[in-house]
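Here is how the chains run, residue by residue.
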Amino acid sequence: MILKDALNLLGIIGDNITLKQCKNAYRSMMMKYHPDRNPAGLEIAKALNAAWDYIQKLDWTRPVSNKYSDDIHYVEALSAFINAMLILDGILIEVCGSWVWLSGDTKPHKDTIKAAGGKWAPKKQQWYFRPKEWKSSNHQEWDMDRIRDSFGSQGVARNRRREEETAKEKGLTFAR
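Residues numbered from 1 in each chain as written. Predicted model: local features only at pLDDT ≥ 70, side-chain atom pairs only at ≥ 80, totals over all residues. Heavy atoms only, no water.

Draft legend 1. Spatial organisation of the nonpolar core. Residues Val100 and Leu102 are the most contacted members of the largest nonpolar core, which totals 35 residues. Of all the secondary structure elements, the ones that give two or more residues to this core are α1 (3–9), α2 (19–32), α3 (41–56), α4 (74–86), β3 (91–96), β4 (99–104) and β6 (126–129). Broken down by element, the residue count for this core peaks at seven residues, all from α4. Sequence-distant contacts of Leu102, that is, excluding residues within four places in its chain, are made with Phe81, Met85, Ile91, Leu92, Ile93, Ile113, Gln126 and Trp127. (Core = buried A, V, L, I, M, F, W, Y, C linked by side-chain atoms within 4.5 Å. Buried < 20%, exposed > 50% of the residue type's maximum accessible area, 1.4 Å probe, protein only. Helix = DSSP H or I, 4+ residues; strand = E, 2+ residues; numbered from the N terminus. Contact = heavy atoms within 4.5 Å.)

As structure tokens, then:
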């Protein structure tokens, strides 16, 4: 993760940003996107936690700024996209850093993914999501393994009802 990504995930913009400001923004975003309040909340929480971990490791003796950013609504767009994808069958959702990657049986859902803002990555043979303003500053070709190694990877929990039915068929109790 880079500083701009972390600050944008927390919705912070401006000059002379403080650790206290980041902590307050982190708490506010965690309350807003708590998993009990939002179906995509678990994945949003993972992204926010990654941003907070990164921010805590910064050298706060030097000034921190995010004055050139207009992407402060990124978490809202990320949440809307993940929520739209959670209802689709046969696809795998993976959050790598601040991007969402879709794989699996995506062909039947092509129009839905496009309408939600997903874009096709032909070299990776996967769909990805990032807000329109969110541009990559790196123009090298990276494969998915390198992306996962560099930015981390979190799979998104799928259909809870199907998981409960599968657990019941196997004679297991489903943990809530």
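Draft legend 2. Quick peek at unusual backbone geometry. In the Ramachandran plot, Asn16 falls in the positive-phi region, its phi being about 50° despite a non-glycine side chain. The topology assignment puts Asn16 in strand β1 (residues 14–17). Of note in this structure, Gln125 is not a glycine but carries a positive phi near 55°. Residue placement: Gln125 occurs in the loop between β5 (119–121) and β6. Taking the relative accessible area as the measure of exposure, Gln125 reaches 53% and is therefore exposed.

Draft legend 3. Structural view of the packing of α2 against α3. Axis separation between α2 and α3 bottoms out at 10 Å; the angle between their running directions is 170°. Classed by the angle they form, the pair α2 and α3 counts as roughly antiparallel. Only Ala45, Leu48, Asn49, Trp52 and Ile55 of α3 make contact with α2, whose side of the interface consists of Leu19, Cys22, Lys23, Tyr26, Met29 and Met30. Of the residues in the contact of α2 with α3, the class split is nine nonpolar, one polar and one charged. (Axes fitted to C-alpha atoms, helices over the stretch in contact; angles between N-to-C directions. Parallel < 35°, antiparallel > 145°, perpendicular 65-115°, else oblique. Nonpolar A, V, L, I, M, F, W, Y, C, P; charged D, E, K, R; others polar.)

Draft legend 4. Representation of the environment of Ala80 within the structure. Structurally, the position occupied by Ala80 is in helix α4. Sequence separation between Ala80 and Ala116 is 36 residues; the distance between their C-alpha atoms is 8.2 Å.

Draft legend 5. View of the pattern of salt bridges. Overall, the coordinates contain two salt bridges when judged by the stated rule. Taking the shortest distance from any N to any O, the salt bridge between Glu76 and Lys32 comes out at 3.1 Å. With Glu76 in helix α4 and Lys32 in helix α2, the pair connects residues that are 44 residues apart, well separated along the chain. By relative accessible area, Lys32 is classed as partly exposed at 46%. (Salt bridge = Lys/Arg side-chain N within 4 Å of Asp/Glu carboxyl O.)

Draft legend 6. Focus on the environment of Ile13. Along the chain, Ile13 falls in the loop between α1 and β1. Given a relative accessible area of 39%, Ile13 falls into the partly exposed group. When the C-alpha positions of Ile13 and Asn66 are compared, they lie 5.0 Å apart, and in sequence the two are 53 residues distant.

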